[in-house]
Amino acid sequence: MTVVQFIDRKILDDSQIQEIGQEFTALVEQDQKKNILLNFSHVEFLSSSALGKLINLEKQVKAHSGKLRMSNIRPEIMEVFAITKLNKLFDIREDLPDALAAFKS
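So, how was this worked out
Residues numbered from 1 in each chain as written. Predicted model: local features only at pLDDT ≥ 70, side-chain atom pairs only at ≥ 80, totals over all residues. Heavy atoms only, no water. UniProt positions renumbered as here; feature names shortened; annotations may be inferred. Helix = DSSP H or I, 4+ residues; strand = E, 2+ residues; numbered from the N terminus. Buried < 20%, exposed > 50% of the residue type's maximum accessible area, 1.4 Å probe, protein only. Phe/Tyr/Trp six-rings, centres within 6.5 Å; stacked < 30°, edge-to-face > 60°. Expected span 1.5 Å × (residues − 1). Arc of directions from axis to C-beta. Contact = heavy atoms within 4.5 Å. Pairing = 2+ DSSP bridges. Axes fitted to C-alpha atoms, helices over the stretch in contact; angles between N-to-C directions. Salt bridge = Lys/Arg side-chain N within 4 Å of Asp/Glu carboxyl O.

K.L.:
Is there a simple way to explain the UniProt feature "domain: STAS" (unreviewed entry) in the protein in this structure?
P.N.:
Here, UniProt's "domain: STAS" (unreviewed entry) annotation points to residues 12-103. With 58% helix and 16% strand, residues 12-103 has its two end C-alpha atoms placed 29 Å apart.

Next up, the structure:
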């Protein structure tokens, strides 16, 4: 399993989001990582373009019979996930230990 920790507090810049998308694709396609945990503990803002990259990652992981989990999403970002119904698409856990345990089930 691979844990991705975002360093930036704001994921808004288009070039940054493109780079994140390329890194996600490389993780799944080139590095053959099937189980990925995204830890959002540092992230305060997320653009709609970033949400698109997360949806693409979910599709890529599922296509490779893997699992994608997310953890430590702040309430204000979680609200966006709920409004867009992405909370139904993604497996979102409260914290890192909970998300790690979810891979075992």
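K.L.:
Hey, could you run me through the side chain of Gln16 in this one?
P.N.:
Secondary-structure assignment places Gln16 in helix 1 (residues 14-30). Judged by relative accessible area, which is 16%, Gln16 ranks as buried.

K.L.:
Any chance you could explain the packing of aromatic side chains here in plain terms?
P.N.:
Ring pairs (aromatic) are described by centroid distance and by the angle formed between their planes. A full pass over the atoms with the stated rule returns three aromatic pairs. Judged by centre distance (5.8 Å) and plane angle (55°), the rings of Phe81 and Phe90 are tilted. Here Phe81 matches Phe90 in class, with each residue buried. In this structure an aromatic cluster arises from ring pairing among Phe6, Phe24 and Phe40.

K.L.:
I tried to follow helix 1 on my own but got confused; where do I start?
P.N.:
Since one α-helical turn is 3.6 residues long, residues separated by three or four positions face the same way. In this model, helix 1 (17 residues) spans 23 Å end to end at C-alpha, consistent with the 24 Å of a helix rising 1.5 Å per residue. All of the buried residues along helix 1 are Gln16, Ile17, Ile20, Gly21, Phe24, Leu27 and Val28. The buried residues of helix 1 occupy an angular sector of 140° when the element is viewed end-on, so they sit on one face. Opposite the buried face of helix 1, at more than 90 degrees from it, the exposed residues are Asp14, Ser15, Gln22 and Gln30. Where helix 1 is buried, its residues contact strand 1 (2-5), strand 2 (10-11), strand 3 (35-39) and helix 2 (48-63). Directly beyond the C-terminal end of helix 1, a positive phi value near 60° is found at Gln32.

K.L.:
Would you mind going over the sheet that holds strand 1 with me for this structure?
P.N.:
Ordered in space as 1-3-5-6, the four strands form an open sheet in which the pairing is parallel. Both edges of this open sheet fall to strand 1 and strand 6 (91-93), since each of them pairs with a single strand only. With strand direction ignored, the average angle separating the axes of adjacent strands in the sheet is 25°. In this fold helix 2 packs onto strand 3 and strand 5 (67-71), with an angle of close to 145° to the strand it touches most, strand 5.

K.L.:
Would you mind showing me how to read the pattern of salt bridges here?
P.N.:
One pass over the full model with this rule turns up four salt bridges. A network of salt bridges, in which partner residues are shared, links Arg69, Asp91 and Arg93.

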